[in-house]
Each structure stands twice: as structure tokens, then as C-alpha cells.
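Each chain, letter by letter, is given below.
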Amino acid sequence: MSNPKVRIDNVVKVFSGSRKHAQVLAVDHVSLDIMTNEFITILGPSGCGKSTLLRIVAGLEEQSSGHVYLDGQEVHGPSSNRGMVFQAYSLFPWLTVEENIQFGLKNKGVIAARRKEIAKEYVELVRLTGFEKHYPKQLSGGMQQRVAIARALANDPEILLLDEPFGALDNQTRTLMQELLLEIWEKSNKTILFITHDVEESIFLANRVIVMTSRPGRIKADIPIELEHPRPYNIKTTPRFLEYKEQLTELIREESLKAMQEAK
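Since we're looking at a predicted model, the values are computed, not measured.

A. Molecular detail of the overall build of the chain. Helix and strand content of the chain: seven helices and 10 strands. Against the globule reference of 18 Å for 264 residues, the chain gives a C-alpha radius of gyration of 19 Å, in line with a compact fold. A principal-axis box enclosing the C-alpha atoms of the chain has dimensions of 55 × 45 × 45 Å. Per-residue burial over the chain gives 49% buried out of 264 residues. Look at the contacts in the chain between residues 6 or more apart in sequence, and 71% of them connect residues 24 or more apart. Surface summary for the chain: the accessible area is close to 13100 Å², and the carbon and sulfur share equals 50%. The chain carries 33 positive and 34 negative side-chain charges, and their two centres are separated by 6 Å.

Structural data, given as C-alpha cells:
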């Protein structure tokens, strides 16, 4: 078997307390291997540490113990080899669509002509041709998130990390964005780690769904999703999809009930 693209090895994250509050164990000895070109979704109840784990992989948060490796090299801080997309669109409002997409390339010293070529390629990939000169305030939420995804991909990262990127979108736009992201993944052959709290979304997008326990976050289940590719939207009504949905809903319900009981 080939080596994993990402190895999360026994990662623990403890947030420091204050005089009034004790320390918080957010992530508890999580180990996970992610292979090249896998699309992994992490699902779990609110506060389970899934976003914290993603930020550790991104190098934006430092683990208390354990290790994260990308292509065998230990992660120490952020790098252009990991592309990050947040729920908030995080675009530069003073830059146009094409300038936002080119931002990382400019910082890397890519010449202007090549930056323009790459930006054009990704504008077409996320279906924003004709909007290159628009500013973020002139775009809908879904369009802004497409720019954010294009900007992350333009740097040609080894892995794309997405933290509930469609959470702020209306249901119809969210559905279309899910389909577009799957299409991009199938074309780009990228490795993707995607955080969500939505069971249907997690199944529709993933090769594997990782379910985390309520805090402290541990891996409760690692479930391969054996559905066809490319995936039509109406796959969500098929018996196999609904079996996955029932299984995952019950796992999340168990953890949510446990969290409520512990909070009493």
C-alpha cells in the first residue's frame, strides 16, 4: 500500500484555561491516514473539535502533542502546499476576482503573464467567466465562495482543506456548490479534507466519512462511502444513500445526546 498523503498521528489539543475556567481537552489522541486523491469529510456534533483538527493540519493551530505529516514531512505552520477555504469568504474586498485568485501566485513571485493564465483557467473551472473584473461586494455568496476555492486551487496545493465552506449559503446554492466541488475534485485529482455538520453533504461528497465524538473529539467511526462517480444529485434518494444517512444520523445523535447529558 502506498504512503498516505496526510498522516495525523496521535494528535491532542488542549486549550489553556483561566482562573475561572479549567483547561479544555478539544482533540483527544486522533490518528488518521488520508491517501492521495481521497475526499474525506469529517462529521460531528458542534464543539467536537473537527475545525480545530483541520486548523492543526493547516498549520494555523499548534497541537499540544502528536504529529501531522504531509508527504512524509512534518507540518510546522501554514504553507502554500495546503489550501484553506473557510465558511467566511475571506476575500480581499479591494481586489477583483482575478486579482484575488492571483494573490498567492503574486506572493510566490510568479510572473504577471503566467498569473493571468492561471487565473483564467480557474475562473473557467469555477464558472465565473465574465466576472473577472468584479469586486467581492458585487458577487453573491456562492460566487464569492467559488472565488475562494479558485484562489486556493490556483496555488496548486497538495491538499485542499475546507471548513464548512457552504454553511452560510442558502439550500439551493449549497446544493449547486456541492456538485461543483465534486466536479472540480474529479478534474483536479486533489486530496480534500472537508469539515461539515450536514449528514447528507458528508455522504454526497466523500469517499470516506470520519465521525467524531462529542468533546473531547475522538474518532468514533471511519465509514467508506461506496457510491458511483460521477455522482448525480438524485443519488441522495437512492436506497444505499439513505442507508448511509440513517447510519450516520444515529451515530451523530448518540454523541449529541451524550453531550447534552454531560452538560446537565
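B. Summary view of the packing of aromatic side chains. Within this structure, the stated rule accounts for five aromatic pairs. An angle of 80° between the planes, with centres 5.6 Å apart, marks the rings of Phe 39 and Trp 185 as edge-to-face. A residue pair is termed long-range when its members are at least 10 positions apart, and Phe 39 in strand β3 (residues 39-43) and Trp 185 in helix α5 (residues 171-188) qualify at 146 residues. For the pair Phe 39 and Trp 185, one class covers both residues: buried. Considering the side-chain rings of Phe 92 and Phe 103, the 4.4 Å spacing of their centres and the 45° angle between planes classify their relative orientation as tilted. Remark: Phe 103 occurs in helix α2 (residues 97-107) and Phe 92 occurs in the loop between β6 (82-85) and α2; sequence separation between them is 11 residues. Given a relative accessible area of 22%, Phe 92 falls into the partly exposed group. Overall, the relative accessible area of 32% leaves Phe 103 in the partly exposed class. Linked through ring pairs, Phe 39, Phe 166, Trp 185 and Phe 194 together constitute an aromatic cluster. If you follow Lys 13 out to its NZ or CZ, it ends over the ring of Phe 15, 5.1 Å from the centre.

C. Summary view of the nonpolar core. In terms of nonpolar packing, the biggest core is built from 52 residues, with Ile 101 and Leu 248 touching the most fellow members. Top contributing element to this core by residue count: helix α4 (residues 141-154), with eight residues. Other than its neighbours up to four places away in sequence, Ile 101 contacts Ala 119, Tyr 122, Val 123, Val 147, Ala 150, Arg 151 and Ala 154. In terms of nonpolar packing, the next biggest core, distinct from the first, is built from 26 residues, Val 57, Ala 58, Val 75 and Met 84 among them.

Criteria and thresholds
Residues numbered from 1 in each chain as written. Predicted model: local features only at pLDDT ≥ 70, side-chain atom pairs only at ≥ 80, totals over all residues. Heavy atoms only, no water. Helix = DSSP H or I, 4+ residues; strand = E, 2+ residues; numbered from the N terminus. Rg over C-alpha atoms; globule rule 2.2 N^0.38 Å. Buried < 20%, exposed > 50% of the residue type's maximum accessible area, 1.4 Å probe, protein only. Contact = heavy atoms within 4.5 Å. Areas by Shrake-Rupley, 256 points an atom, 1.4 Å probe, with all protein chains shown as cover. Lys, Arg positive; Asp, Glu negative; His and termini not counted. Charge placed at Lys NZ, Arg CZ, Asp CG, Glu CD. Phe/Tyr/Trp six-rings, centres within 6.5 Å; stacked < 30°, edge-to-face > 60°. Lys NZ or Arg CZ within 6 Å of the ring centre and 35° of its normal. Core = buried A, V, L, I, M, F, W, Y, C linked by side-chain atoms within 4.5 Å.

Geometric descriptors of this kind do not, in isolation, establish any biological role.
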